[in-house]
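# Tertiary structure, described
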Number of protein chains: 2
Amino acid sequence: MHVPCIDCRLRTRACYRPFSTDELAAVASLKADHVTLPAKHDIVREGEVGGALYTLYEGWAFRYARLSGGGRQILDLVLPGDIIGLSSALLGTIRHSVQSLTPVSLCVLGGYPLTELLRRHIDLTLDLLRWRVEEEHRADVRLALLGRRKPLQRIGYLMLETFDRLRRLELAEGTMCPFPLQRQHIADATGLSMIHLNRTLTKLRDDKLARIENKMLIIYDRRRLVELAGYGGKELITQRMLL
Amino acid sequence: MHVPCIDCRLRTRACYRPFSTDELAAVASLKADHVTLPAKHDIVREGEVGGALYTLYEGWAFRYARLSGGGRQILDLVLPGDIIGLSSALLGTIRHSVQSLTPVSLCVLGGYPLTELLRRHIDLTLDLLRWRVEEEHRADVRLALLGRRKPLQRIGYLMLETFDRLRRLELAEGTMCPFPLQRQHIADATGLSMIHLNRTLTKLRDDKLARIENKMLIIYDRRRLVELAGYGGKELITQRMLL
DNA sequence: CGGCTACTTGAATACTTTCAATCCGCGTGG
DNA sequence: CCACGCGGATTGAAAGTATTCAAGTAGCCG
């Protein structure tokens, strides 16, 4: 299944800025292939040299780092529209891995050297730079979350932020959304042991705040959860470009 | 004390790439002023709109976020040559604060609209983008540090990384370097309570690994500390541009 | 010499993890 | 159809780790 950029279902979402005809052609020239992968499969691997650049088209993935000693830290969730492997394309190597959480389909952007394209399209480059600067803020928030927040807040925050990211993509509505992370994933994202995470999740459920069941997240009482988690909801980027 | 870019003492350090004459002129046109501030003074403040862009010329500072509930998370140390307020210049607002740790002197880069300059100098823009992508990796490492590492490792890592950053700037040599952070700063950087941090610091000292005294850091046994902290030492950017 | 700030220590409490089972749902092969 | 095996989810109890509260100490500057 090859999806030409002109037909890209993501491109027309409100959260992406419209391309000029010129830019659309440029990005289309970048697209080399469209591939699918099963769940639990590494899309790129830490240390890889000369890896490709991708856009996640459908499905979920996560960025992660393995630690000496066997642990894993999940660095971020990767949702449709997110770019994978920018570091490969710009620096030649990548320092984190990305693994699929569900079956995924990906745009492979290798048809044209990226830096050449960026040289020609300064507005794309500036957009990319602005996007990286906005992402720095999300990284800062996650750091503060792990450094100074309690388990309940960490989990609540993850739930709310993920829900809102999906809603922006029109992949969630009402009070429910897909949530294909297993317990170990959530533990590795929030810096908790799986067992303690579980107890905290139970408490969230008993308090009728939110629950995760059957790979779905249900938020019962958003107002209280927002307050509890100290969730601002202002972390999300208003509009960005899609590569 | 106004330092013209041509005389900039940082510019010629090996860790910065040389400017073309053109680029140097461009950056010089950006420099509007040179200011000094005392220690413990906010250079930029979270939420500020339309703040300036700075380069830290001398002294130490740190990026931080205040949390609802009174806590503070130190997000990163800011050392000479580091840029402050890119988010102000590119997005119009800033979501974190930066505070001086020692008396500092700063280049104020407001003489010319930054995006105009970036449009004209695509290589600078690409450098900036590459730098942001490299910094993402440092942020990832810090996240894993707080999410999955023990206190001893967090502190050891902070010591080693800071020491190496200083050495690259030719501000450290041998086994000692300046280290003007107080206990509370270290606690807020590593996500520990000050008291527990203190005990851990005592242990590091008793084990003859490292100590902090009189605002100086002394690393007694780098090899063992590297091993203990799981410090790769490959996080540091080889060469970047200086704005 | 106060008065201030930073640092250090002790003890009690609260929080998290580890270890060890148990449970549950699901797909497979008998 | 049902027992079996498997991976994931859940729970209990004990051990370990970190925080809070409360003093107490050291050094510095006016």
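Fair warning: this is a prediction, and the values are worked out from it, not measured in the lab. (Residues numbered from 1 in each chain as written. Chains lettered and ligands numbered in written order. Predicted model: local features only at pLDDT ≥ 70, side-chain atom pairs only at ≥ 80, totals over all residues. Heavy atoms only, no water.)

DNA strand C sits among 16 residues. The nearest are Ser-193, Ile-195 and His-196 of chain A together with Arg-183 and Asn-198 of chain B. Considering the 4 Å shell around the protein, atoms of DNA strand C inside it are sugar or phosphate in 62% of instances. For DNA strand C, a phosphate oxygen lies 2.9 Å from a polar atom in the side chain of Arg-183 of chain B. For the surface near DNA strand C, the elements supplying multiple residues, two or more each, are α7 (194-206) of chain A together with α7 (194-206) of chain B. With six residues, the single largest contributor to the surface near DNA strand C is α7 of chain B. Residues that form the surface near DNA strand C fall into these classes: five nonpolar, six polar and five charged. (Near = heavy atom within 4 Å. Polar contact = N/O pair within 3.5 Å; in protein donor to acceptor, adjacent residues only side chain to side chain. Helix = DSSP H or I, 4+ residues; strand = E, 2+ residues; numbered from the N terminus. Nonpolar A, V, L, I, M, F, W, Y, C, P; charged D, E, K, R; others polar.)

A few words now on the relation of the copies chain A and chain B. When chain A is fitted onto chain B, the two copies agree to an RMSD of 0.0 Å after a turn of 180° and an axial shift of 0.0 Å. In symmetry terms, the pair is related by a two-fold rotation axis. Most of the interface of chain A is mirrored in chain B, where 100% of its interface residues again form contacts. (Least-squares fit on C-alpha atoms with pLDDT ≥ 70 in both. Contact = heavy atoms within 4.5 Å.)

Below, the discussion takes up unusual backbone geometry. Backbone geometry places Glu-170 of chain B, a non-glycine residue, at a positive phi of 60°. Look at Glu-170 of chain B and you get exposed, because its relative accessible area is 52%. (Buried < 20%, exposed > 50% of the residue type's maximum accessible area, 1.4 Å probe, protein only.)

The next thing to look at is the interface of chain A and chain B. Tallying the contact residues gives 44 residues for chain A and 45 residues for chain B. Summing both sides of the interface, chain A and chain B together bury roughly 4,200 Å²; the carbon and sulfur share of this comes to 62%. Looking at the side of chain A facing chain B, the largest losses of area belong to Arg-95, Leu-143 and Arg-148 of chain A, adding up to 18% of the total buried there. Linking chain A with chain B are 10 salt bridges, by the criterion used here. Here Arg-63 of chain B ties to Glu-136 of chain A by a salt bridge, and the two come within 3.7 Å at their closest N and O atoms. Remark: the boundary between chain A and chain B carries 16 residue pairs in polar contact (both at pLDDT 80 or more). Elements represented by at least two residues in the side of chain A that touches chain B include exactly β5 (72-78), α2 (86-91), α3 (114-120), α4 (122-148) and α6 (183-190) of chain A. (Buried area = accessible area lost by both parts, 1.4 Å probe. Salt bridge = Lys/Arg side-chain N within 4 Å of Asp/Glu carboxyl O.)

Attention now goes to the packing of α4 of chain A against helix α4 (residues 122-148) of chain B. Angle between the axes and distance between the axes: these two values describe a pair of packed helices. Relative to each other, α4 of chain A and α4 of chain B sit at 15°, their axes nearing to 10 Å. Taken together, α4 of chain A and α4 of chain B sit at an angle that is classed as roughly parallel. In this structure, α4 of chain A crosses over α4 of chain B, and the sense of that crossing is left-handed. Tallied by class, residues from the contact of α4 of chain A with α4 of chain B come to 16 nonpolar, four polar and six charged. (Axes fitted to C-alpha atoms, helices over the stretch in contact; angles between N-to-C directions. Parallel < 35°, antiparallel > 145°, perpendicular 65-115°, else oblique. Left-handed = near helix turned anticlockwise from the far one by under 90°.)

In terms of nonpolar packing, the biggest core is built from 138 residues, with Leu-86 and Met-159 of chain A together with Leu-86, Leu-128 and Met-159 of chain B touching the most fellow members. Once residues within four sequence positions are removed from consideration, Leu-86 of chain B is found in contact with Val-133 of chain A together with Leu-53, Leu-114, Leu-128, Trp-131 and Arg-132 of chain B. (Core = buried A, V, L, I, M, F, W, Y, C linked by side-chain atoms within 4.5 Å.)

On inspection of all chains with the given rule, the structure shows six aromatic pairs over all chains. Their ring planes at 75° and their centres at 5.0 Å tell us that Tyr-157 of chain A and Tyr-231 of chain A sit as a pair that is edge-to-face. Here Tyr-157 of chain A is found in helix α5 (residues 151-168), whereas its partner Tyr-231 of chain A is found in the segment after α8 (222-229), with 74 residues between them in sequence. With a relative accessible area of 6%, Tyr-231 of chain A lands in the buried category. Each ring, one from Phe-62 of chain B and one from Tyr-64 of chain B, has its centre 5.4 Å from the other, and the planes form 45°; the classification is tilted. A relative accessible area of 4% means that Tyr-64 of chain B is categorised as buried. (Phe/Tyr/Trp six-rings, centres within 6.5 Å; stacked < 30°, edge-to-face > 60°.)

Residue and element names in this part refer to chain B. Spatially, β9-β11-β10 is the arrangement adopted by the three strands of the open sheet, whose pairing is antiparallel. Each end of this open sheet is capped by a strand with a single partner; those strands are β9 (176-178) and β10 (210-213). This sheet shows a mean twist of 20° between the axes of neighbouring strands, independent of strand direction. Bridge analysis of β10 against strand β11 (residues 216-219) gives four bridges, and the strand direction is antiparallel. Directly across from Ala-210, in β11, lies its bridge partner Ile-219. Sitting on the sheet, helix α5 (residues 151-168) touches β9, β10 and β11, and the angle it makes with β9 is about 85°. (Pairing = 2+ DSSP bridges.)

What follows deals with the protein's contact with DNA strand D. As a structural note, the neighbourhood of DNA strand D is formed by 15 residues, with Arg-183 and Asn-198 of chain A together with Ser-193, Ile-195 and His-196 of chain B the closest of them. Near-protein atoms of DNA strand D (within 4 Å) split between backbone and bases, with sugar and phosphate holding 62%. A distance of 3.1 Å separates a base nitrogen of DNA strand D from a polar side-chain atom of Arg-199 of chain A. In the environment of DNA strand D, a phosphate oxygen lies 2.8 Å from a nitrogen or oxygen atom belonging to the side chain of Ser-193 of chain B. For the surface near DNA strand D, the leading source of residues is α7 of chain A, giving six residues.

Interpretation note: all reported values are geometric properties and have no functional meaning in isolation.
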